[in-house]
Each structure stands twice: as structure tokens, then as C-alpha cells.
There are 2 protein chains.
Amino acid sequence: MSLDDVLNRIDADLQTSIDRLMELLRIPSISTDPAYDAQVDQAADWLVADLQTIGIAAEKRKTAGHPMVVGHIGEDSNAPHVLFYGHYDVQPVDPLNLWTRDPFDPAIEETENGPVIRGRGSSDDKGQLMTFVEACRAWKAVHGSLPCRITFFFEGEEESGSPSLVPFLRENAAELKADLALVCDTAMVSRGVPSIASQLRGMLKDEFTIIGPRIDLHSGHYGGPGLNPLRELSKIVASFYDDETGRVAVEGFYEGVHEVPAEQLKQWETCGFDEDDYLKSVGYSQPHGEKGYSTLEQQWARPTLEVNGLWGGYNGAGSKTVIPSQAHCKITCRLVGDMDPDALRDKIRKHVEDRLSPDAKIEWDNDLEGSPASVMNLDRPEFEAARGALSDEWGREAVFTGMGGSIPVVGYFNTELGLDSMLVGFANEDDAIHSPNEKYDVKSFHKGIRSWARILDALTR
Amino acid sequence: MSLDDVLNRIDADLQTSIDRLMELLRIPSISTDPAYDAQVDQAADWLVADLQTIGIAAEKRKTAGHPMVVGHIGEDSNAPHVLFYGHYDVQPVDPLNLWTRDPFDPAIEETENGPVIRGRGSSDDKGQLMTFVEACRAWKAVHGSLPCRITFFFEGEEESGSPSLVPFLRENAAELKADLALVCDTAMVSRGVPSIASQLRGMLKDEFTIIGPRIDLHSGHYGGPGLNPLRELSKIVASFYDDETGRVAVEGFYEGVHEVPAEQLKQWETCGFDEDDYLKSVGYSQPHGEKGYSTLEQQWARPTLEVNGLWGGYNGAGSKTVIPSQAHCKITCRLVGDMDPDALRDKIRKHVEDRLSPDAKIEWDNDLEGSPASVMNLDRPEFEAARGALSDEWGREAVFTGMGGSIPVVGYFNTELGLDSMLVGFANEDDAIHSPNEKYDVKSFHKGIRSWARILDALTR
């Protein structure tokens, strides 16, 4: 029995692997909206049952929020112990009218880049999570056992700020400790270029409401003397930015940000990132971030302050001559280097409050979390082993890349469990994760499964 | 039979008059939302039937939009001919959660200022409209006929820009011509101070959408290089204003604006307007308009550019790390003096488009109307007659006031029918029209009916 037998088995079972993924995709496990609590739970149950069919001792574990799924196999082995992490919750689906199909009725669709699995969660992260599960299933079917000790750890709150994650890691630290964490929740830098993420941006979330008049006012009776919180909010959001330089204008925002070393920058710029495609595919003719930094630097190595939602007043059909009482704003920051989320939150709040007009009041949401940026420990031999395995599978050299997104669990594995992480993912930039019409290339799914089989082989050879 | 008999009859019938108003208030005739088309129609039918019970030849008249109600009485009389205007449509009710009761289940509620009729449309304008109808009903019951020729003209599109009004006036000009228009859709300058509006602000409505990326984007993958239309929108809205002076910063915005003559200003400042109450009742400690102008001038005689609705991105529970594709903005301007709505629309659009970043696209709503400001013809003898009648009813001198609101029909009566208007209304500033928990003082309703009986008497004596 050899690696080739496992790879052949993966090829032969591809359709049933896809069918299983489709089952999981049909469960609308939107973690951020309490209306879907039962469905999030249902997705956890589905995973527990599926892991058990591979002979993995899996359980659903309660938390204060959505449950965790934890499974173990090979506990009597002397081989290395890896912990595999993925998340089974998904993003909300609005605006629903822009979807070409029901987001939770997934299907294979043909595209110019080959067949794709269309549906919410196909790429982020159910499809990616299942690449690892399917690799283990094939390995077990061929060899009767897995090549190392593996702990499976699936979260149901990744898309809603992971409020239960740190408490769960602390309470179950002994059980979850391993030699290395494997995470499949990232993208390839460009189509067909296997990628290992070497750094992630951190995240800070905040939300505020500006309150002007006590009640909604008639813009005839109060237009002029009346303070309009929508104008107030626009003034404040506009003040977040320096339009000349593209920089964030909050005092102290860039504390802890470091320039990318020239050598690393050179690596990035030759790693296969297709800037033109990245921009044009979404309708941009140029990058819009900080002047003096490349598109890749803006995305991977520079911090942001982004408005994700902004609303107030009348938004129905026709018009309404109202001065609304309230205006609302949701923001997130992407953090890099040594930026401290808690210190940054204070700076942003001060910036906002310093600019409020008399009679304007503000309320903050104090339930939102932050997490710092992460840099991987590339000195560990597993990284080079995985890079070889990926290069073999994809027929071109695998690369170490930055990442614009945030995967807070990587930081918590480090601080709570003393665990390094290795991030390998097979998503493409055009997967439309967090957007309407999310998809996952069938090629990503298929070669992703094969990649994990090769990585397991390389790590235990 | 005398005026006193009519006033006594009004007093005796007050409860049944209130009951009739309640019936009309129960019909949710929201004209701006197509979901309520049938209810708008139902309100027109109710009014036709009610006018007919007074012996008025009333009909529902079709338009391209919501119907008009037209009624005539006393056509064989040689007495003066007045046209009475009111509107039977109402504002939307959102935010519904701020209402203390179902907006369309009206009731009498006790307050520190006496009993009020609580419900959408109680003040704007069903309650005010019915003051005139009830005055006519009482007069007819006592005298068997009305003291002059009266045309009743009720509109169902006042809250949605009156798209059918001008075509209808043109097509029915001969039928609608009269000596003077009476309009009951305005407020008293202060509680208990009878008021005749001598000037109204005009109105310009516009709406635009800023489009950034082709689809919603993940703020990790595109945060930095990505153009965010919410930031773009905030920048543009902030640029509408000069925060130092409180002026609108759109080039040419103040063309056609005239300063208020010193004598008129002096009249206004002594007309009983309670600035302190006006501001504090809605939570303001100071006026927030143009520096160098009094609160009354800001409200009555200065133009505004107001944001009535602004939205984009995620506004549900929790957070969503999205760079949205679109951001939306609804604006209205209040116009004074000789400001030209069409010219102003061009100036505002140019201001916005001049400030768009590369890759930002814009779409305008081209279906929204504008109307210039109006000044009443106070030289007509009817104004002095009405002022005397109002002073008698309210026990204090009636005043000529400005008005912050816009009643476009006054301009159209002038341009299309050559008709002057007299605006008498009994609303109070705290009626919360266009807001949750709209109300109309029972005193306004009762003394409003009595006021119209006195005015009809004074105009025909």
C-alpha cells in the first residue's frame, strides 16, 4: 500500500465526496444571526456523524454559544500529533436578490474555469474543511488506519467573532494540545499556485450609533436648526481618512505597523499574484489603498479601517422628509505587525467622540472582539515538507504568501495552547466568499483532498 | 340662526366628529409605498361617502397615480367661491418599534397638555382636513345650506411628491377655479397662538447610488486596495457642508436666496414662537443651522440640504466583514426666495460627480420632483377677515408666520389656476408628524372646527 493507492482512491471516490459536501452545504448554518441557531447545531451534528463513519471518536461539545465538534483518532500512536481546524458556520447571504440560485440549494455549475460547486459555504469553509476529512477517509479506507495521531476541531462561530473559542481552548487545553495545527481556511495566491500563508492580518470590530434629536423630525419643521445624525456620521466617517495619501487619519493608528523587509517583498512580487486580474475582476482599474505601497502590500501588510455597514433614516420606496433620530455604523479594522486591538479601539473611539457636535450623543457596542495579526513559524521543518508535497500535487513550486484576511484562531492556538499553525488552503480569489454566488472550484476540492493526503504522507515519512 | 348656533352645534357634536375622524385614521393610506395602494383608494372612497352625507356632490377622480376627491356645493350661489384643499394620504410609519401603539389603531390619550388623538395622519393631514369638513357639516345642519360656494379638493399623493397634481389641475382647471384657496395643512407657531402662514419653503428631492466594486467583497481579501462606496458616500455627504459657518457648500446653492427684511424679522421674533421649547422638546440645547441667523430664520427663511436616508452594507445582527458594492443616499432641499429647483438639482449633481473617485460610478433617480418657495398675497382682504375670526376663537391676536415646510400645491394653485391661497392650520410643533407617535390635540381639532366656522362667517358677512 502506498500514497498512490490513497490518491487513486480519492480520484475514484470524488463524486461521493462531492455528494457528502452538498449535504453539509444544504444546512444554512449562519452563525451571526440567532434565527439560524438550530441550523448551526444541525451542521455540528452532521459533522459528528460523518467523522464517526471514518472511525473517529467525535463529539459535539457545548459552549455558551454555538457548539464545537471535537474528534480524535490514533491516540495510541507514537507518530506526530496534528490538530486540524476548520469552521462549519457560514456568512449571511444578503443581498439575496443578487444570488443566481438559492444559496442553500448547492449545485455543480460549469464555468470558463471548469466546474464549480455553487452555494454559501462551498469555499468558506465547509468545502475546505471537507478536503481534509475526505483525505483522512481515503487514507483510512486504503491503510486501515491513519499515519499519525489527529485531533479534529471544528468551530461554529468563526463568522461571528468566535466568542466561545478562547474559553473552550482554556477549558480543554490538555485534550487539544498537539505538535502542530493544520488550518484549511485560506486561498491560493493565484489560480493553480499552491500557497502556504505565512502571515495573517488581525481584526478589530466596533459599532456605534449617533443620536441626534430625541425622535425622528419633520425636515420642514426642523430643517435648518436641526442636527442631523446622518450628516454627523458622514462627517466622522470621512474624517477617518486622508484622501491625499490614502492613509487612515486616526491619531496613532499606525503604531505597531512595520514595513515589509525588502527580501520578503521581492518574494511576494514574484509569487504568481495576478494584480490585473485581482483588480479588474471586481471592476477596479487601480488599487485604492495607501499611496506608495503595492497592491499586495495594501492587501497583506497594511492595516485598514473599513465601514461594513452604515444606515439611518428612510430607505423604502419614494421619499420621506425626515431628520432621523439615529444613524448607525459598523466598522472593522484589519491589523498588522504589533498593532494592539484594545489600544486601537480606544484611539478610534476617541477620534469619533472628539468630533461629535454639541447635542450629538453616541452609543458603542461593547460586545465586539479584536485579535492581533499573526506571523507563522516558517523555521519548523513541517513547512518545507508541506511545500514539497504541494509542489508535487500542483506541478509547480508552492509559495509562502501573506494574507489579507484574519484567522484569529491561529493567534489563540499560539497563546492558549502554545501551538504553531500551518495554513494551507485551496480557495481562489474569485470564490466570492462573503458575497452572493459563493463557489468552490471542483478542482480545488479534488486536488485539495489529494494535497492533504500528500501532506500527511510528507509529515510522517 | 346665527354663528353661535353653528358653534354650539360643533360643541354638541364633538364626540361624533372625533368618531368619524377615527374611522378615517384606521385606513392606512400610505401613498409612498405601493403596498398600500388599495388603502389609499379606500380612504378616497370614505371621504366621497362622507361628503355626500353633507349633501356635497362628491366624486373620486382617477389619475395616473392615487385618486383625487372633488366635491362641490352651492354652485347656484352668488356668494364668494372658495376651494378647500387637504390631503388624505399619510407618511410611512417606520421605525414601527418606536410607536407606543399601532399607528392605525388610533385612540384618545391623556397628556400633560390635555387629551390628544394618537395615530398616523391625526395631524398630517386627516385631522386638519376634517376640521373644515366638520365645520361645513355643522353649518349645513344649522342653516340648511352653506354660506358660500365651496369646492372640496382632497389629494392622495401629498406625501409622495404629488406627481398627478399638476396634470389634474390642468385638465380640470375650469372646474377647480375659485376666488381663493383655503389650505389646512400647517401648524400654529406656538401652542394656542392662531397662525396664518405667509410664506412656505419649496422642496427639491433627489436620490443617488454610488457603486464601487461589481459585487460585495470580503474586507480581508480586498480591504486596502478596495474602493468602499460607503466611504465614498460619507466623503461626499460631508462635503455638502461648511462646518465653520453651517452653510451648504455646494457652489451656487444660495442663488435666489434673499435676506428677510428687518421689519418682517421683528414681527416674527414677537409672534409667540417659543424657541426654548422648540429646541429642548426634541433634545437640542442650541440651533444647529447657519451661524448668524436666528432659529426662526433658519427654519422659515433659509434653505437646507438634508440627508433623509443613507444606507449600504450589512445592518443585521452581529458583524459582516464586507466591502459592499453599493451605497445609497436620499436627500431633500428646502428652498426659499427665488431658488430654482431644476437649476439647484444640476448644481448638486455636479458637486457630487466632481468628487467621485476613479472607479466609483453613480446612478441618479430621475423621477423626483421639485417645487419653488411660495409667498402669500397678504394684501387680499380675506387675510385680515380670517385673522379677526381666528383672534376671536383663540382669545389672542392671530399672527402671520413663516413656515419651514413645503406645500407645493400652493405654488401650483397659483401657476395653474391663478389662485391665491390662505393657509390656516391648527397643528402643534410637538405633533410628531412624519415621526412615530403622531398626535393631534383634541383642542386643535375642536377649536379648528370652530375656527373654520368663524372664517366662513367672516368671509361671507
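Residues numbered from 1 in each chain as written. Chains lettered and ligands numbered in written order. Predicted model: local features only at pLDDT ≥ 70, side-chain atom pairs only at ≥ 80, totals over all residues. Heavy atoms only, no water.

**Comments concerning the UniProt feature "domain: Peptidase M20 dimerisation" (unreviewed entry) in chain A**
Inference 1: Look at the UniProt record and you will see "domain: Peptidase M20 dimerisation" (unreviewed entry) annotated at residues 209-358 of chain A.
Inference 2: In the segment residues 209-358 of chain A, helix accounts for 30% and strand for 21%; the C-alpha atoms at its two ends are 15 Å apart. (UniProt positions renumbered as here; feature names shortened; annotations may be inferred. Helix = DSSP H or I, 4+ residues; strand = E, 2+ residues; numbered from the N terminus.)

**Points about the packing of helix α4 (residues 126-143) of chain A against helix α14 (residues 442-460) of chain A**
Residue and element names in this part refer to chain A.
Inference 1: Contact geometry of α4 with α14 gives a least axis separation of 8 Å together with a crossing angle of 55 degrees. In terms of orientation, α4 lies oblique with respect to α14. As α4 runs across α14, the sense of the crossing is right-handed. Contacts from Gly 127, Met 130, Thr 131, Phe 132, Glu 134, Ala 135, Cys 136 and Trp 139 of α4 reach α14 at Ser 444, Phe 445, Gly 448, Ile 449, Trp 452, Ala 453, Leu 456 and Asp 457.
Inference 2: Of the residues assigned to the contact of α4 with α14, the class counts are 10 nonpolar, four polar and two charged. (Axes fitted to C-alpha atoms, helices over the stretch in contact; angles between N-to-C directions. Parallel < 35°, antiparallel > 145°, perpendicular 65-115°, else oblique. Left-handed = near helix turned anticlockwise from the far one by under 90°. Contact = heavy atoms within 4.5 Å. Nonpolar A, V, L, I, M, F, W, Y, C, P; charged D, E, K, R; others polar.)

**Structural notes on the interface of chain B and chain A**
Inference 1: In this complex, chain B contributes 85 residues to the contact, which on the side of chain A involves 84 residues.
Inference 2: Both faces considered, chain B and chain A share a buried interface measuring about 7700 Å² in area, 51% of it formed by carbon and sulfur atoms.
Inference 3: Interface area lost by chain B to chain A is led by His221(B), Pro225(B) and Arg231(B), which between them contribute 10%.
Inference 4: Applying the counting criterion to the chain B and chain A interface returns two salt bridges.
Inference 5: A salt bridge links Arg231(A) to Asp243(B), with the nearest nitrogen and oxygen atoms 3.5 Å apart. (Buried area = accessible area lost by both parts, 1.4 Å probe. Salt bridge = Lys/Arg side-chain N within 4 Å of Asp/Glu carboxyl O.)

**Overview of the sheet that holds strand β22 (residues 439-441) of chain A**
Residue and element names in this part refer to chain A.
Inference 1: Here three strands make up an open sheet; going across it, the order is β4-β5-β22 and the pairing antiparallel. At either end of the open sheet lies a strand with only one pairing partner, and these are β4 (107-111) and β22. Within the sheet, the average angular offset between the axes of one strand and its neighbour, ignoring direction, is 35 degrees.
Inference 2: Pairing of strand β5 (residues 114-118) with β22 involves three bridges; the strand directions are antiparallel. Across the sheet, the residue bridging to Ile 117 is Tyr 440, located in β22. (Pairing = 2+ DSSP bridges.)

**Describing helix α3 (residues 37-53) of chain B**
Residues and elements named next belong to chain B.
Inference 1: For α3, with 17 residues, the first-to-last C-alpha span of 25 Å sits near the 24 Å given by 1.5 Å per residue.
Inference 2: The set of residues buried in α3 consists of Val 40, Ala 43, Ala 44, Trp 46, Leu 47, Val 48, Asp 50 and Leu 51.
Inference 3: Packing partners of the buried residues in α3 comprise α2 (14-25), β1 (57-61), β2 (68-73), α4 (126-143) and β6 (149-155).
Inference 4: With its phi angle positive at about 90 degrees, Gly 55 sits one or two positions after the end of α3. (Expected span 1.5 Å × (residues − 1). Buried < 20%, exposed > 50% of the residue type's maximum accessible area, 1.4 Å probe, protein only.)

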